[in-house]
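Chain by chain, the residues:
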Amino acid sequence: MLNIKNLHASIEEKPILKGIDLIVNPGEVHAIMGPNGSGKSTLASILAGREEYTVNEGSIEFNGKDLLEMAPEERAGEGVFLAFQYPVEIPGVSTANFLKTALNEIRKYRGLETIDAMDFLALMKEKAKLVELDMSFLQRSLNEGFSGGEKKRNEIFQMAMLEPKLAILDETDSGLDIDALRIVAQGVNALRSPDNATILITHYQRLLNYIVPDFVHVLYKGKIVKTGGKELALELEEKGYDWIKEEVSLS
Amino acid sequence: MIQLHTLETLKEQLRVQDYPLAFLDSPLFSEGLSSLTKSGLPTPRNEEWKYFPINSLLMADYALPTASSHQHDPKQFQPFIKEALHLVIINGNYVKSDTFEQVEGITCSIEHSPISNIEINPKENPFPILNALLHKDRIILDIEKEYDFSIPIHILQIFQSDSEMPLLASPTVTINLAKNAKAKIIESYHILNVKNGLINTSFSVHAEQESELHHIIIQDGLQDCALIYNCESVVKCNAKVQDHVIVHDSNKVRNTIAGKLVEEHALYNIYGIVSGDKQSLIDNHTVVDHIAPHCESNELFKHVLDESSTAVFNGKIFVRLDAQKTNAYQSNRTLLLSPKATINTKPQLEIFADDVKCSHGATTGSVDEEALYYLQARGIPREVGMRLLTEAFIGEVIQLIDIEELQSYFTGSLLLSAGE
């Protein structure tokens, strides 16, 4: 589904990604871990279409199409979803209104009819239950006055509403207490299917206890330096990143 | 035909028109004319008119409105509020109808006298005096407490001309609210076929004790005429007046809107939405005058300016020496959608009492790029996102309109090129 080949990217002349290769197939959950500054958020931002980053070399194919050629809204139309690390507050736009607009734009992109108001309401009720979000939140301005945990749950709620093919969760666990973490993980797991895939970007192994990955990649200094199964995450938890850094400098 | 740049000869100019001669020779007319010629009509050196040049308006030759037999069906004009009582005014002339005859608590009458009781400072704004000298019909609505507040009154100010010459119209309306009377008045402007015209309106409100008025002024689609709109409300004890002005798709508008709190516990609110595009120039000068103590006022103006439009906001608040325990709040916020859009904003508070709560704020900015990107990442293209954010921005002021039908009418329709 996703094929990243030799991706080099920089921001304001500073190189961040120095040759990333990654293949993600439907039904898979990939975790990307690594120390601060390794390029994890950069990778997420580039997948979501942030303009501040420049791709210097390499390609990203999504379901056979050139992802880098697409505007962010087209990527959403194709089924890419980024759950932001710091979701923005938008006063005056209710979550409900925002999602209805988003859903309809995506449907338009896919040549489908706009969603019926009643169906939309029913859909919202169903998905709100998934992340234990009270319906009253949905009439409030998007993320305004939400706690960190509520914002992250709102991201997963949106993911549930938009049903993406590829979900990228950018440090979704940061700032969450155990209960919020449980709810978020529950939501993500409930959405897993053989047709979609998830990339989890995270520092800590903790999230991976709840959302069990098929593959764990370690990103260090702009490159994936190690790939393994879920055991790799446990190893990192135990030993930290130093042994990886040593391995890399030795080779 | 009439010329404004030779004001001293106004009397003679009018004499040759179809103008009530008795009125022309009255001492009030002479007084008004002499105060007008003394102050002269404003140049850009006048601080109050610095950003609103009127020279081209003053140099034109104008035709005065003649009596017309045109009939207009209110249904043809937007917004159409079905349950409202419609009052049609064409070029400032009252169109006789029996709309108000069977309705309890409201009467509509016409007067022809040259001056109203408003204190005008001609140096700051001479246009109300000009209106007083040139108007024919002063349309008066007297509202008693028996009037059913839930029926809005919709005044349609319609302008049309059969002449080649630009029209100079002087609509004049007075609203008298008796003790405990309540009403909602919509005043909308519609220009049918007038080119380069000048509309100079005088609208005055007297709110007796315990009365309440919501006045919504809709200035939408005024392309070929300049509008100089003057509105003054005098608010007495425990009375409330709320003015709402909405300017959209209009080329040249100058509003001077004032509220005078003359007795204790009076309330005056003034809200505005200005949507500017192309090369429009929209100037709002507001005055809130706290004369009596224990009064409250709230002001919120939001501007959305695109292309090469310019807006001006001068919000004056006076708190007189004896106006202790005044609560006066003012906020002006502007969204600039293009590099050439301009806002000239000047909150102006003159506070003479010492036990008051007053605040003012003015912010100007462009659309939040982070928010736009977030919307894009969820599938919403930039143009749709801009519309959503702009609607969100003005939404707060639309919510304050006390007529639900108008709220729905305005939601989504106040956006110009950003959405279109």
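Placed above this text is the structure.
Summarised in this report is the structure supplied together with it. Note that the structure is a prediction, hence the values are computed from the model and not measured.

### Thoughts on the overall build of chain B
- A count of helices and strands for chain B gives eight helices and 22 strands.
- Scaling as 2.2 N^0.38, a compact globule of 420 residues should have a C-alpha radius of gyration of about 22 Å, and chain B matches this with 21 Å.
- On the principal axes, the C-alpha backbone points of chain B span a range of 70 × 50 × 50 Å.
- Among the 420 residues that make up chain B, the fraction classed as buried is 59%.
- Put simply, chain B shows about 16700 Å² of open surface, and 49% of that area lies on carbon and sulfur atoms.
- Within chain B, the 55 negative side-chain charges are centred at a point lying 4 Å from the centre of the 33 positive side-chain charges.

### Quick look at the sheet that holds strand 14 (residues 240–248) of chain B
Residues and elements named next belong to chain B.
- Read across the sheet, 10 strands follow the order 4-3-7-10-12-14-16-18-20-22 without closing on themselves; strand pairing throughout is mixed. Each edge of the open sheet is held by one strand with a lone partner, namely strand 4 (93–94) and strand 22 (357–365).
- One ladder, built from 10 bridges, connects strand 18 (residues 296–305) with strand 20 (residues 327–336); its direction is parallel. Looking across to strand 20, one finds that Glu-296 is bridged to Asn-327.
- Of the strands in this sheet, strand 14, strand 16 (267–276), strand 18 and strand 20 touch helix 7 (residues 382–398), which is tilted by about 155 degrees from strand 18.

### Points about the packing of helix 4 (residues 117–130) of chain A against helix 6 (residues 148–162) of chain A
Residues and elements named next belong to chain A.
- Remark: helix 4 packs on helix 6, axes separated minimally by 9 Å, with the N-to-C direction vectors making an angle of 135 degrees. In terms of their interaxial angle, helix 4 and helix 6 are classed as oblique. Handedness of the helix 4/helix 6 crossing: right-handed. Here Phe-120, Leu-123, Met-124, Lys-127, Ala-128 and Leu-130 of helix 4 come into contact with helix 6, specifically with Phe-157, Ala-160 and Met-161.
- Partitioning the contact of helix 4 with helix 6 into residue classes produces eight nonpolar, no polar and one charged.

Basis of the calculations
Residues numbered from 1 in each chain as written. Chains lettered and ligands numbered in written order. Predicted model: local features only at pLDDT ≥ 70, side-chain atom pairs only at ≥ 80, totals over all residues. Heavy atoms only, no water. Helix = DSSP H or I, 4+ residues; strand = E, 2+ residues; numbered from the N terminus. Rg over C-alpha atoms; globule rule 2.2 N^0.38 Å. Buried < 20%, exposed > 50% of the residue type's maximum accessible area, 1.4 Å probe, protein only. Areas by Shrake-Rupley, 256 points an atom, 1.4 Å probe, with all protein chains shown as cover. Lys, Arg positive; Asp, Glu negative; His and termini not counted. Charge placed at Lys NZ, Arg CZ, Asp CG, Glu CD. Pairing = 2+ DSSP bridges. Contact = heavy atoms within 4.5 Å. Axes fitted to C-alpha atoms, helices over the stretch in contact; angles between N-to-C directions. Parallel < 35°, antiparallel > 145°, perpendicular 65-115°, else oblique. Left-handed = near helix turned anticlockwise from the far one by under 90°. Nonpolar A, V, L, I, M, F, W, Y, C, P; charged D, E, K, R; others polar.

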